[in-house]
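The primary structure of each chain is shown beneath.
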Amino acid sequence: MVFRKLFLLFVFVFVSNVISAQHNLSLNIDGVASEKGNICFAIYTNESSFLKFDKVYKSGSEKAVKGNTAFNITDLPDGDYAIAIFHDANGNKNLDTNILGIPKEQIAFSKGKMKMFGPPKFDECVFTFDSNMEMKINLQ
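A short tour of the structure in this document, coming up. Not measured: the values here are computed from a predicted model.

Cut-offs used in this document
Residues numbered from 1 in each chain as written. Predicted model: local features only at pLDDT ≥ 70, side-chain atom pairs only at ≥ 80, totals over all residues. Heavy atoms only, no water. Core = buried A, V, L, I, M, F, W, Y, C linked by side-chain atoms within 4.5 Å. Buried < 20%, exposed > 50% of the residue type's maximum accessible area, 1.4 Å probe, protein only. Helix = DSSP H or I, 4+ residues; strand = E, 2+ residues; numbered from the N terminus. Contact = heavy atoms within 4.5 Å. Phe/Tyr/Trp six-rings, centres within 6.5 Å; stacked < 30°, edge-to-face > 60°.

Let's shift gears to the nonpolar core. Within soluble globular proteins, side chains that are nonpolar tend to cluster in buried spots. L25, L27, I29, I39, I83 and I85 are the most contacted members of the largest nonpolar core, which has 20 residues in total. Within the residue set of this core, elements represented by two or more residues are β1 (22-32), β2 (38-44), β4 (67-77), β5 (79-88), β7 (127-129) and β8 (133-138). Discounting residues that sit within four places of it in the chain, I85 has contacts with L27, I29, I39, C40, F41, Q106, I107, A108, I137 and L139. Formed by eleven residues, the second largest nonpolar core is a distinct cluster that contains A82, A84, F109 and F122.

Structure, rendered in structure tokens:
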């Protein structure tokens, strides 16, 4: 009887760890123009939240390093994600745009690229994350 309870406990713990697997995502951001300000990232989980600052799944920033800035995002569960990055060169924690809404600061996305008339859509940037991963993103 005790063996059976221990076995069931072991199975429960193993299954719950597999179901809620958490992994690390290493981001290498290339093309950083200067050491001014920070490189900021925002992770989104669906199209309805994509590029909406109040609906970010996870975000963060690192001091800009000219050439390449690296992030290590820990404890990210399996799923589909899209990432938006920008170089907040003046440190105001906002993506500065001109009067037409065109970014004045460097930006990038996990896969998609800026279009002539706006940012890419979620489905152009989405990637599946199910294990530890390294991703290289070039700022534009």
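Having put the structure on the table, let's press on.
Moving on, we get to the packing of aromatic side chains. In total, this model carries seven aromatic pairs according to the counting rule given. Their ring planes at 75 degrees and their centres at 5.0 Å tell us that F41 and F71 sit as a pair that is edge-to-face. Taken together, the residues F41 in strand β2 and F71 in strand β4 connect sequence positions 30 residues apart. On the accessibility criterion, F41 (8% relative accessible area) is buried. Exposure remark for F71: the relative accessible area of 6% places this residue in the buried category. Each ring, one from Y81 and one from F129, has its centre 6.1 Å from the other, and the planes form 75 degrees; the classification is edge-to-face. Here the residue Y81 occupies a position in strand β5, and F129 occupies one in strand β7, the gap between them amounting to 48 residues. Of the two residues, Y81 and F129, both sit in the buried class. Clustering of aromatic rings is evident, with ring pairs tying together Y44, F50, F109 and F122.

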